[in-house]
Protein chains: 2
Amino acid sequence: MPENLPIPDPCAGHVPPHMTAEEFRSLGHRMVDWVADYMAGLGERPVKNATRPGDVLAALPDRLEDSAPGWDAVFRDLDEIVAPNLTHWQHPGFFAYFPCNASGPGILGEIASAGLNVNGMLWATSPAATELETCVLDWCVDLFELPDTFRGNGAIQGTASESTLIALLAARARAGGGDVSLITSRQAHSSVIKAAMIAGLATSPEDRRRLRLVATHDDGRMDLDCFEREAQALLDETGALPAMVSATVGTTGTGAIDDVAGIRARLDALAPGGRWAGWLHVDAAWLGAAAICPEHRLAGLEHADSLCLNPHKWLLTNFDCDLFWVRDRAALLRALSITPEYLRNAATEAGGVIDYRDWQIPLGRRFRALKLWFVLRHYGVEGLRAHIRRHIAWSEWFEQRVVADGRFELVAPRSASLVCFRLRAGDDATRALLDRVNATGEVLLSHTAAPGDGGFTIRFVPGSSLTEFRHVVRAWAIIAREAGG
Amino acid sequence: MPENLPIPDPCAGHVPPHMTAEEFRSLGHRMVDWVADYMAGLGERPVKNATRPGDVLAALPDRLEDSAPGWDAVFRDLDEIVAPNLTHWQHPGFFAYFPCNASGPGILGEIASAGLNVNGMLWATSPAATELETCVLDWCVDLFELPDTFRGNGAIQGTASESTLIALLAARARAGGGDVSLITSRQAHSSVIKAAMIAGLATSPEDRRRLRLVATHDDGRMDLDCFEREAQALLDETGALPAMVSATVGTTGTGAIDDVAGIRARLDALAPGGRWAGWLHVDAAWLGAAAICPEHRLAGLEHADSLCLNPHKWLLTNFDCDLFWVRDRAALLRALSITPEYLRNAATEAGGVIDYRDWQIPLGRRFRALKLWFVLRHYGVEGLRAHIRRHIAWSEWFEQRVVADGRFELVAPRSASLVCFRLRAGDDATRALLDRVNATGEVLLSHTAAPGDGGFTIRFVPGSSLTEFRHVVRAWAIIAREAGG
């Protein structure tokens with residue numbers, strides 16, 4: 001068929017209702033407005049609604065509508081079904097868990113990323129996605145004053161859970177594969193146990209053959225004497241020191257900081273030849289953000305084989321954005337590289353490019369560097385420091401109220417912006433207080449078990465970019481009022 | 001301090017430059033416009049640029065600027081550094097890999113999700129995020145005519161890689177943990193091998209003790225006689241049949257479809273008692289999307305323990321969105337559930353809610369159900385079917401050109417919208433043809449190795465929502481021209 005004759009479309013009858021660029025422009029503006037209105041009105045909503053299980057399902061139809069409902073209906077459902085049944089993580093009264101903070105620049109990054117929708121699995125499948133990521137992670141090496149050996153060796157992961165798992169896989173590859181062991185503390189994040197289960201080191205959360213959890217001091221720091229005994233026990237029982245130790249810099253419970261250098265020193269002392277060959281991973285998922293301030297740099301990182309910290313927690317970059325660095329990428333690539341024919345390409349074969357699919361669990365990946373780039377450039381280093389510093393100052397103010405009030409006690413020293421406290425009247429009273437405080441809908445706090453005695457402990461940690469000092473004052477006022485006599 | 005006196009902010013000097021809702025509104029509109037302009041002009045760009053390794057890094061500064069550059073500079077960098085150095089997956093001439101298709105409704109979903117930025121790790125941390133996800137996955141059980149046992153048992157994962165890994169973990173948990181084996185075909189996706197390495201079944205991609213890759217027919221389908229021999233060999237060598245078999249419905253190479261019912265039947269015949277107790281996972285990552293059409297339903301799913309399919313590939317939902325269902329969630333939860341004190345909550349303890357963190361590798365999760373909900377509602381079932389059907393019709397037209405042209409041969413029968421072909425003149429000629437075709441910048445195709453003889457094979461698969469029939473005609477014209485005499 002000559003090229004200059006029109007060829008009839010063999011499927012002209014089927015025309016999907018794709019949005020034109022102009023339709024998208026109009027609806028996109030409307031959605032941005034919806035988000036802006038949501039942000040502007042967030043303080044007026046309860047942080048958490050009284051949604052009962054099944055409420056949302058009951059409000060949704062059992063089946064997709066037969067005909068498109070139109071966008072007015074979609075926006076109405078966002079207003080009437082979705083928004084009223086969320087826990088509002090960006091609410092100025094959200095002091096629970098660790099924050100998961102969005103920001104204008106972060107959202108703009110997600111819009112750009114969604115619009116481009118490239119898959120950066122290989123350098124060749126989107127060079128700019130790969131090299132921008134390498135670039136901003138190198139900037140962060142400077143911003144957080146990380147060891148120079150991390151330069152060029154960073155990647156964005158979805159979450160710290162994935163970083164911990166990947167570190168474990170690299171540790172196992174470096175140890176030559178097979179049965180390896182992992183030590184962490186009892187206050188380490190649950191994702192360390194989950195990683196051990198996924199990688200096959202433990203058959204259940206309680207399986208302690210190759211996953212050892214070390215006792216902590218009352219404040220949540222790993223007890224190095226207990227650690228040394230556990231490492232020695234592993235050596236005696238399995239013939240090898242742990243292939244990986246996961247140290248926590250800022251535990252989820254109380255924000256405690258493990259002694260990274262001390263861990264390495266104890267292991268070196270036990271190792272034949274005085275040099276432990278295993279992998280020391282540092283999980284600074286939450287507290288690592290504070291290291292952008294000179295007064296909060298992370299100590300002992302020169303002893304770390306890998307590090308993760310999450311800008312999606314406390315550094316204004318929309319979820320998900322976990323930064324992961326390794327000292328030596330060879331073990332990591334050995335653990336995760338597979339190249340089927342359909343992914344072979346000239347750039348990879350020639351070397352000299354990074355294919356980030358070999359640095360992560362999945363194959364495909366979103367262009368997440370954009371949102372971090374936008375956040376860093378919009379705020380600048382001083383803006384980000386101000387964000388961290390005022391939360392810490394506010395938490396210091398809050399801590400002083402707790403200390404000054406005889407009904408309360410601190411469970412552990414304040415760690416950066418995290419204050420852990422309870423009523424002297426005991427667990428039941430503290431639990432009831434938390435329930436009453438959260439029932440106001442004005443604030444939301446969460447709880448943990450005290451590392452020392454396991455007692456019920458309330459956690460207070462600001463993080464939302466919408467939080468102002470008055471919200472902290474109000475939170476304390478509610479707590480003091482609800483604590484009663 | 002009495003509550004009615006103003007309390008001075010202890011950190012009034014540090015004010016981060018947060019965007020106000022109004023600033024976000026204005027910049028959000030601008031970013032939406034940028035995306036709309038990108039979409040509108042995409043056909044005028046080359047699909048893939050001649051970026052050399054290091055070009056992007058060289059265009060970026062070594063360090064974050066000392067002062068905020070302002071958004072004009074950020075948009076300029078998007079235009080001048082980012083966009084010209086991407087591979088444009090949404091380009092109408094993109095026929096490579098499998099598609100990764102965005103759509104207007106999908107992008108709107110990402111905007112809403114980024115604006116809310118809730119963390120749906122637990123039902124309690126955002127009920128609407130959890131229940132909307134359950135709802136739309138149940139809708140999909142109907143839309144794709146999946147077994148009723150999948151109802152209420154679906155979750156959104158990031159990628160099929162994660163689904164395969166999770167299925168393997170569930171299979172191992174069901175088998176009681178410890179050393180288990182996995183069988184798949186040589187044409188299965190590389191993520192199956194990666195999952196085996198992550199879970200500890202294989203120490204390298206070549207380790208075949210507990211990971212067996214079965215030969216395929218020349219078209220890429222698993223050879224069931226070979227499969228049966230491999231299962232018998234495993235039984236003889238390890239004392240157990242595989243704990244998991246991963247069947248592929250639409251291989252990455254040629255779109256071949258494994259016989260799911262036949263796999264189950266062969267295993268049952270080998271099992272003591274006539275009933276294999278292992279886990280049959282079906283990876284329909286790409287082809288599963290077509291099952292929204294009655295003429296493309298997936299066969300044999302009543303024999304599957306789990307299934308994944310990716311709306312982010314061919315169903316207009318922005319990356320990442322992989323749908324994962326299990327028949328029986330108990331093994332999955334046994335493999336992945338850990339509840340530290342800081343995540344305990346009344347709704348979870350009472351039962352009756354889904355906590356999706358127990359269905360996935362990470363703890364935290366984005367609100368990804370929104371974009372799928374928007375896509376389903378905007379397009380409706382007939383709109384999505386039209387999208388699938390016209391791609392298939394276009395590929396059928398393309399296949400006819402290949403068959404009618406004596407210089408070419410099909411490597412395997414067309415599978416839905418995927419056509420695999422090569423020059424009869426051999427591998428070198430075919431490779432050179434692909435290079436010339438892609439060098440035009442008008443289209444991008446990728447390659448694979450023929451399942452039968454390993455020969456160099458060009459893959460053609462449309463997927464972008466911007467592709468029209470004229471782009472398919474143009475692709476063929478370029479290929480026919482560049483093929484020479």
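Residues numbered from 1 in each chain as written. Chains lettered and ligands numbered in written order. Predicted model: local features only at pLDDT ≥ 70, side-chain atom pairs only at ≥ 80, totals over all residues. Heavy atoms only, no water.

Chemist: Summarise the environment of threonine 440 of chain B; cite the residues concerned and give the values.
Modeler: Residue and element names in this part refer to chain B. Looking at where threonine 440 falls in the secondary structure, it is placed in the loop between α14 (427-439) and β10 (446-449). Separated by 392 residues in the primary sequence, threonine 440 and lysine 48 place their C-alpha atoms 9.4 Å from one another. With residues up to four places along the chain from it excluded, the contact list for threonine 440 reads Ile478 and Arg481. (Helix = DSSP H or I, 4+ residues; strand = E, 2+ residues; numbered from the N terminus. Contact = heavy atoms within 4.5 Å.)

Chemist: Describe the interface of chain A and chain B, listing the residues and the values that go with them.
Modeler: Chain A puts 158 residues into the contact, and the matching count from chain B is 159 residues. If you look at where chain A meets chain B, you find 10 salt bridges. In this structure, the salt-bridge partner of aspartate 77 of chain B is arginine 377 of chain A, at a minimum N-O distance of 2.8 Å. Between chain A and chain B we count 64 residue pairs in polar contact (both at pLDDT 80 or more) in total. A total of 17 residues in the side of chain A that touches chain B trace back to one element, the largest contributor, which is helix α13 (residues 369-404) of chain A. Class assignment for the residues of the side of chain A that touches chain B results in 91 nonpolar, 38 polar and 29 charged. (Salt bridge = Lys/Arg side-chain N within 4 Å of Asp/Glu carboxyl O. Polar contact = N/O pair within 3.5 Å; in protein donor to acceptor, adjacent residues only side chain to side chain. Nonpolar A, V, L, I, M, F, W, Y, C, P; charged D, E, K, R; others polar.)

Chemist: How would you sum up the sheet that holds strand β2 (residues 182-185) of chain A? Please name residues and give values.
Modeler: Within a beta sheet, neighbouring strands are joined by backbone hydrogen bonds and run either parallel or antiparallel to one another. Residues and elements named next belong to chain A. If you trace the 7 strands from one edge of the open sheet to the other, you get β1-β7-β6-β5-β4-β2-β3, paired in mixed fashion. A single partner strand is all that each edge strand has here, and the edge strands are β1 (154-157) and β3 (211-214). Averaged over neighbouring strand pairs, the angle between their axes works out to 20° when direction is ignored. With 4 bridges connecting them, β2 and β3 associate as parallel partners. Following the sheet pairing, leucine 182 is matched in β3 by leucine 211. Contacts from helix α8 (residues 224-238) reach β2, β3 and β4 (244-248) within the one sheet, and its direction differs from that of β3 by about 160°. (Pairing = 2+ DSSP bridges. Axes fitted to C-alpha atoms, helices over the stretch in contact; angles between N-to-C directions.)

Chemist: Now, about the pairing of strand β6 (residues 306-309) of chain A: what can you tell me, with residues and values included?
Modeler: Residues and elements named next belong to chain A. Along β6, one buried face is formed by Ser306 and Cys308 and the opposite face, lined by Leu307 and Leu309, is buried too. The pairing of strand β5 (residues 279-283) with β6 spans 3 bridges and is classified as parallel. For aspartate 283, the partnering residue across the bridge sits in β6 and is cysteine 308. Pairing between β6 and strand β7 (residues 322-326): 4 bridges, direction antiparallel. From the neighbouring strand, cysteine 308 faces β7, where its bridge partner is phenylalanine 324. (Buried < 20%, exposed > 50% of the residue type's maximum accessible area, 1.4 Å probe, protein only.)

Chemist: Tell me about the relation of the copies chain A and chain B, residues and numbers included.
Modeler: The operation linking the two copies of the chain is a rotation about an axis combined with a translation along the axis. Mapping chain A onto chain B calls for a screw motion: a turn of 180° about the axis and a shift of 0.0 Å along it, with 0.0 Å RMSD after fitting. Here the symmetry operator amounts to a two-fold rotation axis. Closest approach to the rotation axis within chain A is made by the C-alpha atom of alanine 199 of chain A, at a distance of 2.1 Å. Of the residues that chain A buries at the interface, 100% are likewise interface residues in chain B, meaning the two copies contact each other through the same surface. (Least-squares fit on C-alpha atoms with pLDDT ≥ 70 in both.)

Chemist: Break down the sheet that holds strand β11 (residues 456-460) of chain B for me, with residues and values.
Modeler: All names here are of chain B. Read across the sheet, 4 strands follow the order β8-β9-β11-β10 without closing on themselves; strand pairing throughout is antiparallel. If you trace the sheet from one side to the other, it starts and ends with β8 (408-410) and β10, each paired once. Taking each pair of neighbouring strands and ignoring which way they run, the sheet shows an average axis angle of 40°. Pairing of strand β9 (residues 419-423) with β11 involves 3 bridges; the strand directions are antiparallel. Among the inter-strand pairings, phenylalanine 421 is bridged to a residue of β11, identified as isoleucine 458. Its contacts with the sheet put α14 on β8, β9, β10 and β11, and the angle it makes with β11 is roughly 35°.

Chemist: So what's going on with the pattern of salt bridges? Residues and values would help.
Modeler: Residues and elements named next belong to chain A. For the structure shown, the criterion picks out 84 salt bridges over all chains. Put simply, arginine 221 and aspartate 219 hold a salt bridge, and the shortest N to O gap is 2.8 Å. On the accessibility criterion, arginine 221 (36% relative accessible area) is partly exposed. On the accessibility criterion, aspartate 219 (21% relative accessible area) is partly exposed. Notably, a salt bridge pairs arginine 390 with glutamate 468, separated by 3.5 Å at the nearest N-O pair.

Chemist: Quick rundown of α14 of chain B? Include the residues and the values.
Modeler: For an α-helix the count is 3.6 residues per turn, leaving residues at separations of three or four pointing the same way. Residue and element names in this part refer to chain B. Helix length check: α14, at 13 residues, gives a terminal C-alpha distance of 18 Å against a target of 18 Å (1.5 Å per residue), a fit within 8%. Listed in full, the buried residues belonging to α14 are Thr430, Leu433, Leu434 and Val437. Buried residues of α14, viewed axially, fall in a sector of 100°; they line one side. Counted as exposed and oriented over 90 degrees from the buried face of α14: Asp428 and Ala439. On its buried side, α14 packs onto β8, β9, β10, β11 and α15 (469-482). One or two positions beyond α14, positive phi appears at glycine 441, with a value near 75°. (Expected span 1.5 Å × (residues − 1). Arc of directions from axis to C-beta.)

Chemist: Outline the packing of aromatic side chains, listing residues and values.
Modeler: All chains considered together, the criterion is met by 35 aromatic pairs over all chains. With a centroid separation of 5.5 Å and an interplanar angle of 15°, the aromatic rings of tryptophan 286 of chain B and tryptophan 314 of chain B are classed as stacked. Here tryptophan 286 of chain B, found in the loop between β5 (279-283) and β6 (306-309), pairs with tryptophan 314 of chain B, found in helix α10 (residues 311-314); they are 28 residues apart in sequence, far enough to count as distant. What makes tryptophan 286 of chain B buried here is its relative accessible area of 1%. Note on tryptophan 314 of chain B: relative accessible area 0%, which makes it buried. Across from the ring centre of phenylalanine 98 of chain A, 4.9 Å away, lies the NZ or CZ of arginine 459 of chain A, which sits over that ring. (Phe/Tyr/Trp six-rings, centres within 6.5 Å; stacked < 30°, edge-to-face > 60°. Lys NZ or Arg CZ within 6 Å of the ring centre and 35° of its normal.)

Chemist: Give a description of the state of the cysteines that names residues and reports values.
Modeler: Formally, a disulfide is one covalent bond, and it connects the sulfur atom of one cysteine to the sulfur atom of another. Residue and element names in this part refer to chain A. Overall, the coordinates contain 0 disulfides over all chains when judged by the stated rule. You can see cysteine 100 has no disulfide; the closest cysteine sulfur is in cysteine 321, sitting 11 Å from it. Take cysteine 140: it sits in no disulfide, and the sulfur closest to it among the cysteines is that of cysteine 321, at 8.2 Å. (Disulfide = S-S within 2.5 Å.)

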